[in-house]
Amino acid sequence: MKAVIRFLSSVKLAIALLIILAVASIVGTLIPQGRTAEEYAVRYGGLSSAFIRLQLTAVYHSLWYLALLGLFALNLLVCTLTRLSPKVRRARRPHLAADPKSLAAARIKDRFKRTGPLADAQADVQSGLKRAGYRVRSSVEGGRACLLGRKRTAGLFGSDIVHAGLLVIIAGGIASGLGGFKTSIPLKEGEVAAVPKAGFEVRLDEFATEYYPDGAVKDWKSTVTVLEGGKPVLTEIVEVNHPLAHKGFNLYQMDYGSDWESVTLEVWAKKKSDPAFLRKFNLKPGDKAALGDPEGTEVFVRRFLPDFVLGEANQPETRSLQPNNPAALVEGYRGGAKAFDGWIFAQYPDFAQMHGAEGADLVFELKGYTAGEYSVLEAAKDPGVPLVWLGSILLMAGLAVAFYWPTWEVRAVLEEAGGKTDVVLGGQAAKSRDRFEKEFAALVAALRRTP
Amino acid sequence: MNESTLFAAAMGLYFLAALIYLAFLFGKKDKTAKTAFIPAVAGLVIHTGALILRTVESGHAPFTNMYESLSFLAWATALAFVLINLRFSIPKAGPYLMLVTVALMALASSPLMPKETAPLVPALQSYWLWLHVSVTLLGEAFFAVAFITSLMYLSARDPEKKDKMDSVSYRAVAVGFPLFTLGGLVFGMVWAQKAWGTYWSWDPKEVWSLITWFVFALYLHTRIVMGWKGKRSAWIAILGFLAALFTYFGVNYLLSGLHSYA
């Protein structure tokens, strides 16, 4: 047991773990993470199955990486705890007794003799230290007075506060991993959806995309109302960087798209033989409208594809849900029977060609399309977040203390000999030694001058 | 007076400072070092003006593309040098740090870097852009000081100069490490939580920040607890700066991930 604790509390283990974790983390950035087995096979050939088995394709979620992090946390905990109690003792009940020889061995030291009895000299040194901002403790034993002056005692604990902060952050990470929950909720305008496990619903009142003058997207804004038991409780605009918080859940603006099922098309019909002939229609797929020509033609919109492409066997299909190449299949009917059809393209008006002799004189153009938009919100609950923030505050406070709140100590041993008092001083500073040396020199100079 | 004029003027002044510092290296006259510090500070002031103008013109923080962020990193490096020089007096590091600053600005003005001010994409519209990027780059600038002083430690022969470079290198890390932790990791987590809904995604830039942090944690533990100083310490500081450099630069060009802005 003792050996285990010694192992877990060693700084050497910490150093080894820092190196191993750094190297393991690098590996995870060199091998793309979380791809399919096929992709790895193409990339790494015969090695791919070994990579997958060793979890090099999901390093940060692998058992071995988590085990390393766990060992790191344990090391941090044991190391900090075993060093804590001696430090607390040093802070609260420091060992006062010292002898002049040990002080003379210190790196920062000085000594002088002064007239007068021990008690006077002790009082002067004590008040000199106090004036310089040191808290002084003293003991007198066998004709020898030992003084300890110390300032910024909290500085002893800077690294412990840093370590505590890291442990709290790691605890937050564990809480996130175990209790975190995330789901995406696609919503059309006006639609209501329950947020899973949350006990409330959300309604998308409005979704808008804002643009800069140059056409780049400025913002996506979802106006969202939270409903509890069907009753609205709050309405807020959710945008990127501005999530909505409610009952421990956060709702983020994650994605958006057009609801092509609700698309309305603006279709123009012209005649090659009659430049004055122009008819404009607003049609949804499945709508039929009379063209108003002497032949009694009816126009019917069969299909709409936002990103037209000829797929397998030359069948039209959509490549994506983005309007990269919007196209509509238009059909013409005469006397109730289909007479002609053809695809028309918003971006390529000249490309339209009606198939069927009766449509040869007609030209259709897809002038515009408007579709309702849907917004994808992400609902997330993460019990680890408050711990991560608390740990971060501790971490930063600890770093500030460790680097910029240095504990400085001055020890003095006074002995009376032949009507004079011999004063030996030694200083100790783990940090900011150059500034301390200056202060120490000034302190000793002031003490030499008194009385 | 426009931003690119000020940028060029600042770069010229830094270069002048580098030349005078070089003269100081050979002549070793204290007066030369004092003279060199003047264009260094003047360059910093004018460079500050350039960054302010850029902010006013674009209406957002001056680090949203590679040109802007390199210019800001150059500014931060000059600032770190000026501050460390005021506190610890390291004129011998002057020529190298001024040349690093000039090199960063030269890289920023290369035709490969897009320079136009572009409106902010939705993901970057947050005051955390200011806090996250500026504090992180400032931390990295102090790592650059530690890098240069560590290299100088390794190449120096004079034990007094070696001692000085070793201690200044540590002091630069003592400033850079808290800044990098705050800006890169803590502010980064806060912003990620707000924008992406999760404080940590194991995105390559995040992982490389963590790696950089591990290396400097190693530096501090070996130095403070195990008493490593000098050579080994210098090598770890150099390694740490290279990791920071890769986090800043390499990740964008060599690895893909969420941080695909600048």
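Parameters at a glance
Within every chain, residues take consecutive numbers counted from 1 along the sequence as written. The order in which chains are written sets their letters, starting at A; the order in which ligands are written sets their numbers, starting at 1. Since the coordinates come from a predicted model, pLDDT governs what is reported: local features require at least 70, and pairs of side-chain atoms require 80 or more to be given and counted, while whole-chain, interface and lining totals use all residues. By definition, pLDDT measures how confident the predictor is in each residue, and it falls between 0 and 100. Only DSSP runs of H or I covering at least 4 residues are called helices, and only runs of E covering at least 2 are called strands; the numbering of each starts at the N terminus. Domain start and stop points were drawn from an automatic or database domain assignment. Note that contacts rest on C-beta atoms placed from the backbone: two residues are in contact if these are within 7 Å. Working definition: the nonpolar core is a set of buried Ala, Val, Leu, Ile, Met, Phe, Trp, Tyr and Cys residues, joined through C-beta atoms within 7 Å. Think of it as a crowd count around each C-beta: if 20 or more other C-beta atoms lie within 10 Å the residue is buried, if 12 or fewer it is exposed, and in between it is partly exposed, with C-beta placed from the backbone throughout. Residues are sorted three ways: Asp, Glu, Lys and Arg are charged, Ala, Val, Leu, Ile, Met, Phe, Trp, Tyr, Cys and Pro are nonpolar, and all the rest, Gly among them, are polar. For two strands to be treated as a pair, DSSP must find at least two bridges joining them. Structural elements are reduced to axes, namely lines fitted to C-alpha atoms, with helices fitted over the stretch in contact, and the angle between N-to-C directions of any two is expressed from 0 to 180 degrees.

Let us look at the confidence of the model for chain A. Averaged over chain A, the pLDDT score is 90; the fraction of residues at 70 or greater is 100%. Within chain A, helix α9 (residues 385-404) of chain A carries the highest mean pLDDT (97), whereas helix α6 (residues 100-104) of chain A carries the lowest (82).

Much of the literature gives interface size as the accessible area that the parts lose upon coming together. Residue and element names in this part refer to chain B. Domain parsing of chain B yields domain 1 (1-115) and domain 2 (127-262). The C-alpha-based centres of domain 1 and domain 2 are spaced at 20 Å. At the interface, 21 residues of domain 1 touch 18 residues of domain 2. Residue assignment for the side of domain 1 that touches domain 2 shows that the elements contributing at least two residues are α3 (66-88) and α4 (94-108).

This next bit is on the nonpolar core. Ranked by size, the top nonpolar core spans 127 residues in total, and within it Tyr14(B) and Val145(B) carry the most contacts. With 18 residues, the top contributor of residues to this core is helix α6 (residues 159-196) of chain B. Residue contacts for Val145(B): discarding those within four places in its chain leaves Ala80(B), Phe81(B), Ile84(B), Leu97(B) and Ala172(B). In this structure, Leu129(A), Cys146(A), Ala429(A) and Leu443(A) belong to the second largest nonpolar core, which totals 22 residues.

Moving on, we get to the interface of chain B and chain A. Listed as interface residues are 32 residues of chain B and, on the opposing side, 34 residues of chain A. Mapped onto the side of chain B that touches chain A, the elements with two or more residues apiece are α6 and α7 (204-225) of chain B. Broken down by element, the residue count for the side of chain B that touches chain A peaks at 12 residues, all from α7(B). Residues of the side of chain B that touches chain A, tallied by class, amount to 24 nonpolar, seven polar and one charged.

What follows concerns the sheet that holds strand β3 (residues 144-151) of chain A. All names here are of chain A. Read across the open sheet, the five strands follow the order β1-β20-β19-β3-β2; overall the sheet is antiparallel. A strand with exactly one partner marks an edge of an open sheet, and here the two such strands are β1 (108-115) and β2 (135-141). Between one strand and the next, the sheet's axes are offset by a mean angle of 15°, whatever the strand orientation. Of the strands in this sheet, β1, β19 (408-417) and β20 (420-429) are in contact with helix α10 (residues 433-449), which crosses β20 at around 165°.

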